[in-house]
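The primary structure of each chain is shown beneath.
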Amino acid sequence: MSTWLIYALLSAFTASLVAIFGKIGLQQLDANTATAVRAVVMALFLVGVVLAQGKFNLIGGVLADKKALLFIILSGVAGALSWLFYFMAIKHGNVSQVAPIDKLSVVFAVILAVILFGEKISLLASLGVALITAGALLVALG
């Protein structure tokens, strides 16, 4: 099995735990406040990973590259908005409906990659995107 596929499957599984743990944790809490606490935990955890890998000295290079830093900041804001909306959705809805709709991010990412980067996708990949869309809607609304 390819390394990228192992990481992708681990990513998908751990992302599923975000929904499960989040739904349990949000029972009596404000979704936005809980998301902020989650973000702090994530930041501390990730800084710990960078320290454990001995790569803390590379942060200066990230901060020095203004264009890269701008897009990393924009990515962080987009991610934070995604978490805010996701936690609000799972607080008020069923995980079994919210999670499939959230996975439409795959569809949006492919469409944006084609528009913004000129990436080409095959007919088979286009069919896959259509099936993801149909599957997410069928699971969420069915």
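Conventions used here
Residues numbered from 1 in each chain as written. Predicted model: local features only at pLDDT ≥ 70, side-chain atom pairs only at ≥ 80, totals over all residues. Heavy atoms only, no water. Helix = DSSP H or I, 4+ residues; strand = E, 2+ residues; numbered from the N terminus. Buried < 20%, exposed > 50% of the residue type's maximum accessible area, 1.4 Å probe, protein only. Contact = heavy atoms within 4.5 Å. Areas by Shrake-Rupley, 256 points an atom, 1.4 Å probe, with all protein chains shown as cover. Lys, Arg positive; Asp, Glu negative; His and termini not counted. Charge placed at Lys NZ, Arg CZ, Asp CG, Glu CD. Domains from an automatic or database assignment. Buried area = accessible area lost by both parts, 1.4 Å probe. Polar contact = N/O pair within 3.5 Å; in protein donor to acceptor, adjacent residues only side chain to side chain. Nonpolar A, V, L, I, M, F, W, Y, C, P; charged D, E, K, R; others polar.

Asks: Let's hear about the overall build of the protein chain: which residues, and what values?
Replies: Broken down by element type, the protein chain carries seven helices and zero strands. When its helices and strands are written in sequence order, the protein chain yields α-α-α-α-α-α-α. Projected onto its principal axes, the C-alpha positions of the protein chain cover 50 × 45 × 30 Å. Here the protein chain holds 142 residues, and 15% of them are scored as buried. Within the protein chain, residue pairs in contact and separated by at least 24 positions form 73% of the contacts whose partners lie at least 6 positions apart. Counting every atom, the protein chain has about 10300 Å² of accessible surface; 77% of that belongs to carbon and sulfur. Each charge class in the protein chain can be summarised by its mean position, and for the 8 positive and 4 negative side chains these summaries are 3 Å apart.

Asks: Run through the domain arrangement of the protein chain, naming residues and quoting values.
Replies: In terms of domain boundaries, the protein chain breaks down into domain 1 (1-93) and domain 2 (94-141). The C-alpha centroid of domain 2 is placed 21 Å from the C-alpha centroid of domain 1. Where domain 1 abuts domain 2, roughly 530 Å² becomes buried across the two surfaces, and 75% of that area is made up of carbon and sulfur atoms. Contact with domain 2 buries surface across domain 1, with Tyr86, Ile90 and Gly93 losing the most and accounting together for 60% of the total. Linking domain 1 with domain 2 are zero residue pairs in polar contact (both at pLDDT 80 or more), by the criterion used here. Elements that contribute at least two residues to the side of domain 1 that touches domain 2 include exactly α1 (3-25) and α4 (66-92). When the residues that make up the side of domain 1 that touches domain 2 are grouped by side-chain class, the tally is five nonpolar, one polar and one charged.

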